[in-house]
Amino acid sequence: MTDLPTMIARKEGRAGRLTFNRPKALNALDHDMAVVIEQALDQWRDDPEVALVIIDAVGDRAFCAGGDIAIIYQQGRAGDFETGPRFWRDEYRMNAKVAEFPKPIVSFMQGFVMGGGVGVGGHCSHRVVGDSTQIAMPETGIGLIPDVGGTLILARAPGRVGEYLGVTGGRFGAADAIYAGFADVYAPEAEWDALKARLIETGDVGALPSGLVPQAKGRLADLRPEIEAAFGGHDIHEIVASLEASGSDFGRETLAILRRNSALSEEATLQLVRMTRATPTIRAALENEFRFTLRAVEHSDFLEGVRAQIIDKDRNPQWKYSLETLPMAAVSALLEPLPKGYEIDFAA
């Protein structure tokens, strides 16, 4: 499919089909791809020939490993603080249309499913994972926050699992994806082509299997007591104190992650997950997240995080603050309500 668009939209049988087609870039989502998804959903919403939508991806390594943020970084370094928000606003509108689509949408999420990939596949009505699936919202490692409606999934996760996954950005497989609410159905990947064929032929999501169990056991359920004990803290400082006092392997491992990521992003993530939990709708989640991403290029750790992790790859970001020096006023400034005129137009 190398000579086809990076996002392939077409109709087959009873299905509308969207396929990520940038396998060499781990199917990273760019602005044009987000627009194709949105336009296709707009066309298929009232199309009687389309009974359901299938979203999948070319390649074994990734469904979609995140958003293509190199351009946002380059423009931000040049003093352009509008390119990023423009992309995010359009992407978020598309995320909401996926979540609110009146017909079933089935995502088949193999390999890496991160950031922007969660924003597409994670909001579908029927989310299929397999043995290669590795999901994460790793944004605190690049000075951002779990966005694309990710805070809604995190807010709905059991107990404080959402805070833990959002703040640490850790990867998890199929069993934990289902446990945490990022997926619904497990099916061996060797069976996916046959499942898609049945969906295309019948237009009936009843063709999806139920009750199958991933080969690899998850770990989140076993970690729940320690997650609950630590991540119920009022803020990141209380969470750190609890982890330090625990003296456990979990405490030490989690502290190492927290000290490696952006403290500014970690506290903002904690607050955003809880804000969205209080108003658990996709639109509220996206509007809350946009408070941060609107200001991220100019005022957060985002440019430094992208430089260290993606551009220079020295893995040595120089964050604005440490966990010990983080001022809550800096977090509050990034989470101020959206200025007039910057709201997301979900009806566009």
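Residues numbered from 1 in each chain as written. Predicted model: local features only at pLDDT ≥ 70, side-chain atom pairs only at ≥ 80, totals over all residues. Heavy atoms only, no water.

> Would you mind going over the packing of aromatic side chains with me for this structure?
Where two aromatic rings form a pair, the distance of their centres and the angle of their planes describe that pair. Inspection of the entire model under this criterion finds 7 aromatic pairs. Centroid distance Phe20 to Phe63: 5.0 Å. Interplanar angle 65°. Geometry classified as edge-to-face. Of the two residues, Phe20 is situated in strand E2 (residues 15-20) and Phe63 in strand E4 (residues 62-64); the sequence distance between them amounts to 43 residues. For the pair Phe20 and Phe63, a shared accessibility class is recorded, and that class is buried. On the basis of an interplanar angle of 40° and a centroid distance of 5.6 Å, the ring pair of Tyr164 and Phe250 is categorised as tilted. With Tyr164 in helix H6 (residues 161-168) and Phe250 in helix H11 (residues 249-260), this pair connects stretches of sequence that are 86 residues apart. Neither Tyr164 nor Phe250 differs from the other in exposure class; each is buried. Three or more aromatic residues joined by ring pairs form one cluster here, namely Tyr164, Phe231 and Phe250. Of note, Lys196 hangs over the ring of Phe108, and the distance from its end group to the ring centre comes to 5.2 Å. (Phe/Tyr/Trp six-rings, centres within 6.5 Å; stacked < 30°, edge-to-face > 60°. Helix = DSSP H or I, 4+ residues; strand = E, 2+ residues; numbered from the N terminus. Buried < 20%, exposed > 50% of the residue type's maximum accessible area, 1.4 Å probe, protein only. Lys NZ or Arg CZ within 6 Å of the ring centre and 35° of its normal.)

> Where do I start with the packing of H6 against H11 in this structure?
For any two helices packed against each other, one specifies the inter-axial angle together with the distance between the axes. Look at H6 against H11: their axes get within 9 Å of each other, and the N-to-C directions meet at 45°. Our classification of the angle between H6 and H11 gives oblique. Contacts between H6 and H11 pair Tyr164, Val167 and Thr168 from the former with Phe250, Thr254, Ile257 and Leu258 from the latter. In the contact of H6 with H11, the residues fall into 5 nonpolar, 2 polar and no charged. (Axes fitted to C-alpha atoms, helices over the stretch in contact; angles between N-to-C directions. Parallel < 35°, antiparallel > 145°, perpendicular 65-115°, else oblique. Contact = heavy atoms within 4.5 Å. Nonpolar A, V, L, I, M, F, W, Y, C, P; charged D, E, K, R; others polar.)

> Quick question: what am I supposed to make of the sheet that holds strand E7 (residues 126-129) here?
Working definition: the strands of a sheet are paired by backbone hydrogen bonds and lie parallel or antiparallel to each other. Overall, mixed pairing links the 6 strands, which are arranged E1-E2-E3-E5-E7-E9 in an open sheet. The open sheet has two free edges, formed respectively by strand E1 (7-12) and strand E9 (185-186), since each of these has just one partner strand. Pairing geometry for E7 and E9, over 2 bridges, is parallel. Residue pairing in the sheet places Val129 in a bridge with Tyr186 of E9. (Pairing = 2+ DSSP bridges.)

> It is not clear to me how helix H14 (residues 302-311) should be interpreted in this structure. Could you clarify?
In an α-helix, one turn spans 3.6 residues, which is why side chains three or four residues apart end up on the same side. Of all 10 residues that make up H14, 7 are buried, and the element is covered over most of its length. All buried positions along H14 are accounted for by Phe302, Leu303, Glu304, Gly305, Val306, Arg307 and Ala308. Directly beyond the C-terminal end of H14, a positive phi value near 55° is found at Lys313.

> Explain the pairing of strand E5 (residues 105-109) here, please?
In regular strands, side chains alternate between the two faces of the sheet. Of all 5 residues that make up E5, 5 are buried, and the element is covered over most of its length. Neither face of E5 is open: one carries Ile105, Ser107 and Met109, the other Val106 and Phe108, and all of them are buried. Pairing analysis gives 3 bridges linking strand E3 (residues 52-57) to E5, with the strands arranged parallel. Bridge pairing in E5 links Ile54 to Val106. As paired strands, E5 and E7 are joined by 4 bridges and run parallel to one another. Paired with Val106 across the strands is His126, a residue of E7.

> Could you clarify how one ought to interpret the sheet that holds strand E8 (residues 134-136) in this entry?
Pairing within the open sheet is parallel, and its 3 strands lie in the order E4-E6-E8. Unpaired on one side and paired on the other, E4 and E8 mark the two borders of the sheet. Each adjacent strand pair in this sheet contributes to an overall mean axis angle of 15°, direction not counted. Here 2 bridges tie E4 to strand E6 (residues 112-114), and the two strands are oriented parallel to one another. Looking at E6, one finds that Ala62 is bridged to Phe112.

> Is there a simple way to think about the side chain of His123 in this case?
Structurally, the position occupied by His123 is in the loop between helix H4 (116-121) and E7. Using a relative accessible area of 8% as the deciding quantity, one classes His123 as buried. In terms of polar contacts, His123 uses its side chain to reach the backbone carbonyl oxygen of Val148, at 2.8 Å. Not counting chain neighbours up to four residues away, the residues in contact with His123 comprise Asn95, Val98, Ala99, Val118, Val148, Gly149, Gly150, Ile153 and Ile282. (Polar contact = N/O pair within 3.5 Å; in protein donor to acceptor, adjacent residues only side chain to side chain.)

> Would you mind showing me how to read the packing of helix H2 (residues 70-77) against helix H3 (residues 83-100) here?
Taken N-terminus to C-terminus, the directions of H2 and H3 make an angle of 150°; their axes are 8 Å apart at the nearest point. For the element pair H2 / H3, the angle class is roughly antiparallel. Facing Ile71, Ile72 and Gln75 of H2, the residues of H3 in contact are Thr83, Gly84, Phe87 and Trp88.

> Where do I start with the nonpolar core in this structure?
Side chains that are nonpolar tend, in soluble globular proteins, to be buried together. Membership of the largest hydrophobic core comes to 93 residues, with the highest contact counts inside it found for Phe20, Phe182 and Phe302. Looking at this core element by element, the count peaks at 8 residues for helix H13 (residues 282-299). Not counting residues within four places of it along the chain, the set of residues in contact with Phe20 comprises Thr6, Met7, Asn27, Leu29, Met33, Ile55, Asp56, Ala57, Val58, Phe63, Cys64 and Val120. The next biggest cluster of nonpolar side chains, apart from the first, holds 14 residues, and it includes Ala15, Val106, Phe108 and Ile200. (Core = buried A, V, L, I, M, F, W, Y, C linked by side-chain atoms within 4.5 Å.)

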